[in-house]
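The lines below spell out each chain.
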Amino acid sequence: LVQEHGCAVAVIGGPQDCLLAEQVVRGISAGAVNLAGRTTLRQTAALLERCVAFVGNDSGPLHLAVAAGVPAVEISCHPRQGSRLDVQSPSRFGPWGHNARVLQPAEPMAPCIDGCGAAAAHCITQITVDEVQQALAELCFNRPSAP
C-alpha cells in the first residue's frame, strides 16, 4: 500500500502492543508510524475518521472505523466452517455493512475444531497478504476481484 498507492500507515493499539507495533513499523520501513499506546480512545476515533482504510482484527478500533464509514478489512482467526455461535465468529461480532470485508481461514488447523482455540493464534496465519490486498482493492481502489 505504501509503495503502490503512496499510503501512510498508522499502527494503533494499546500499551501492551508497543513492541509488536514497532516491529511492524520497522518491517514497512518508510511511510509508517507507531501510535500504539500513544493515543486515547477519542484520539484513535479521530485518527480513524481520517483513514482511507482499516486493516486489523476484531477489535474496538475496527468497529470505530466501520462506524465512521471507513472501509475495513477484518483478518479473523475464526475459520469459515467454524461454529457461528463461537465467541470469535464474525457472524456474531464482525463488522456489518457494505464497506467491510471479513477474511477467514478456510479450515481450522489442529488442535482447533469449531474455532481457533489454541493458546497462540495460528489459524489466522492462513490469511495471505494477497487476500488482504485484494479486499482493499475492492473496497478502496474500485478494482473488481479476480475471477
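In the block above lies the structure referred to throughout.
As the structure is a computational prediction, the values presented were derived from the model and not from experiment. Residues take numbers from 1 onward in each chain, read along the sequence in its written order. A pLDDT threshold of at least 70 governs which residues receive local features in this predicted model, and a stricter bar of 80 or more applies before side-chain atom pairs are shown or counted, although totals over entire chains, interfaces and linings include all residues. Side-chain numbers here rest on the full set of heavy atoms in the structure, without hydrogens or water.

Colleague: Looking at this model, I keep getting lost on the environment of Glu131. Mind explaining?
Modeller: With respect to the helices, strands and loops of the structure, Glu131 is situated in helix 6 (residues 129-140). Looking at Glu131, the relative accessible area reads 29%, which means it is partly exposed. Sequence separation between Glu131 and Leu103 is 28 residues, and the spatial gap between their C-alpha atoms is 7.7 Å. Not counting residues within four places of it along the chain, the set of residues in contact with Glu131 comprises Leu103 and Gln126. N or O atoms within 3.5 Å of each other form a polar contact, as long as, within protein, one can give a hydrogen and the other can take it, and as long as residues adjacent in sequence are counted only when both atoms are side-chain atoms. Within the structure, Glu131 has its side chain in polar contact with the backbone nitrogen of Thr128 (distance 2.8 Å). For the purposes of this entry, the term helix denotes a DSSP run of H or I that reaches at least four residues, the term strand denotes a run of E that reaches at least two, and both are numbered from the N terminus. Relative accessibility decides the category of a residue: with a 1.4 Å probe and only protein chains considered, values under 20% of the type maximum give buried, values over 50% give exposed, and everything between is partly exposed. In this analysis, two residues are considered to be in contact whenever any of their non-hydrogen atoms come within 4.5 Å of each other.

Colleague: Explain the pattern of salt bridges to me, please; I cannot follow it from the model alone.
Modeller: Oppositely charged side chains may form a pair once their charged atoms are brought near each other. When a carboxyl oxygen of Asp or Glu is within 4 Å of a side-chain nitrogen of Lys or Arg, the pair counts as a salt bridge. Under the definition given, this model contains one salt bridge. Two residues, Arg101 and Glu138, come together in a salt bridge whose shortest N-O distance is 3.6 Å. Taken together, the positions of Arg101 in strand 5 (residues 100-103) and Glu138 in helix 6 put the pair 37 residues apart, joining distant regions of the chain. The exposure class assigned to Arg101 is partly exposed, which follows from its relative accessible area of 29%.

Colleague: Would you mind showing me how to read the pairing of strand 4 (residues 72-75) here?
Modeller: In this description, strands pair whenever DSSP reports at least two bridges between them. In this sheet, strand 4 lies alongside strand 3 (residues 54-56) in parallel orientation, the contact comprising three bridges. The residue of strand 4 that forms the bridge with Gly56 is Glu74. Viewed with both strands pointing away, a crossover whose connecting path from the first strand over the helix to the second turns clockwise is right-handed. Following the chain from strand 3 across helix 4 (residues 60-67) to the adjacent parallel strand 4, one finds a crossover that is right-handed. When strand 4 meets strand 5, the two strands line up parallel, connected through four bridges. Residue pairing in the sheet places Ile75 in a bridge with Leu103 of strand 5.

Colleague: Can you help me understand helix 6 in this one?
Modeller: An α-helical segment advances 3.6 residues per turn. Residues three or four places apart therefore align on the same side. Between the first and last residue of a helix there are one fewer steps than residues, each counted as 1.5 Å, and that sum is the expected span. Under the 1.5 Å per step criterion, the end-to-end length of helix 6 is 16 Å for twelve residues, consistent within 8% with the ideal 16 Å. Among the residues of helix 6, those classed as buried are Val132, Ala135, Leu136, Ala137, Leu139 and Cys140. Its buried side turned inward, helix 6 meets strand 3, strand 4 and strand 5. Looking one or two residues past helix 6, Asn142 carries a phi angle of roughly 50 degrees, positive in sign.

Colleague: Help me out: how do you make sense of the nonpolar core in this one?
Modeller: Soluble globular proteins tend to bury their nonpolar side chains together. Nine residue types can take part in a nonpolar core, namely buried Ala, Val, Leu, Ile, Met, Phe, Trp, Tyr and Cys, and a core is a set of them joined through side-chain atoms within 4.5 Å. Grouped together as the largest cluster of nonpolar side chains are eight residues: Val73, Leu103, Ile127, Val132, Ala135, Leu136, Leu139 and Cys140. When residues no more than four places from it in sequence are discounted, the contact partners of Val73 are Phe54, Val55, Gly56, Arg101, Leu103, Ala135, Leu136 and Leu139. Within the second largest apolar cluster, six residues are counted, among which are Leu48, Phe54, Ala65 and Ala72.

Colleague: Honestly, the sheet that holds strand 3 in this entry has me stumped. Any pointers?
Modeller: In sheet architecture, strand pairing relies on hydrogen bonds along the backbone and comes in two forms, parallel and antiparallel. Taken in spatial order, the three strands make up an open sheet running 3-4-5, and their pairing is parallel. Each having just a single partner strand, strand 3 and strand 5 make up the two edges of the open sheet. This sheet shows a mean twist of 10 degrees between the axes of neighbouring strands, independent of strand direction. Axis lines are fitted through C-alpha atoms, for helices just across the contact stretch, and the angle between N-to-C directions can take any value from 0 to 180 degrees. Strands in contact with helix 6 are strand 3, strand 4 and strand 5; relative to strand 5, the strand with the most contacts, it is inclined by about 165 degrees.

Colleague: How should I be thinking about the environment of Gly6 in this particular structure?
Modeller: Among the structural elements, Gly6 can be located in the loop between helix 1 (2-5) and strand 1 (9-11). Given a relative accessible area of 62%, Gly6 falls into the exposed group. Each C-alpha atom of the pair Gly6 and Gly31 lies 8.2 Å from the other, and the pair is 25 residues apart in sequence.

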